[in-house]
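Overview (structure and organization)
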Amino acid sequence: MDHAQPAREGSIRLADGRTLAYAEHGDPDGWPVLGCHGSPSSRLERHVEDGGAYRRWGVRFIVPDRPGFGRSDPHPGRRIMNWPADVRQLLDHLGIGRFAVLSLSGGAAYALACAHVFEDRVRAVGVLGGAPPPDVPWPWPRWVPEPVRAAAHRPSRAVALLRPVFAPIAVRPALIPR
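Residues numbered from 1 in each chain as written. Predicted model: local features only at pLDDT ≥ 70, side-chain atom pairs only at ≥ 80, totals over all residues. Heavy atoms only, no water.

**Some details on the pattern of salt bridges**
The cut-off we apply is this: Definition used for salt bridges: Asp or Glu carboxyl oxygen within 4 Å of a side-chain nitrogen of Lys or Arg. Numbering goes from the N terminus for both helices and strands, where a helix is a DSSP run of H or I of at least four residues and a strand is a run of E of at least two. Remark: exposure states derive from per-residue accessible area (1.4 Å probe, protein chains only) relative to the maximum for the residue type, with buried under 20%, exposed over 50%, and partly exposed in between.
Per the counting criterion, the structure on display carries eight salt bridges. A salt bridge links Glu9 to Arg43; the nearest nitrogen and oxygen atoms lie 2.6 Å apart. Of this pair, Glu9 sits in strand S1 (residues 8-13) while Arg43 sits in the loop between strand S3 (31-36) and helix H1 (53-57), placing them 34 residues apart in sequence. The salt bridge partner of Glu9 is Arg71, with a shortest N-O separation of 3.7 Å. Here the residue Glu9 occupies a position in strand S1, and Arg71 occupies one in the loop between strand S4 (59-64) and helix H2 (83-94), the gap between them amounting to 62 residues. The class of Glu9 is partly exposed, set by a relative accessible area of 39%. Put simply, Glu9, Arg43, Asp65 and Arg71 are held in one network by salt bridges that share partners.

Here is the structure:
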């Protein structure tokens, strides 16, 4: 295994003043692939064991932190369809036209939002273990009371109390059980 190629880290200031952090792996001149990390996770999420694989495959793998994850600033009130605007600014900064998108778990909706918004700029979309992010309603069993369903989909004190539990794995995804 070749772990000699560390991620290239960067960040940009978005038009609204927020910071968007990202990591790049592989060949800087390779085919651009936008990685949409899971939830909770970050740009540090491991995708392959062999750090040299992206270079051998001719891939430039770019993984931005979504708002409020890793080193990216929060974006209060954000929705999934806000994500492509942040991605557009990153792609413009990096000089990327056409690209592919690869998602893991809770990143699936964000990858699909990019495919929808960017249309022909997106050459391929990969969804691995797609799961809805917490802010997307999903079917609940009828026995779960409506107030409980609604509470699960909005910010609350309970969510704020759980943030310290999840924060370490958002910053250090190696802590996520494999």
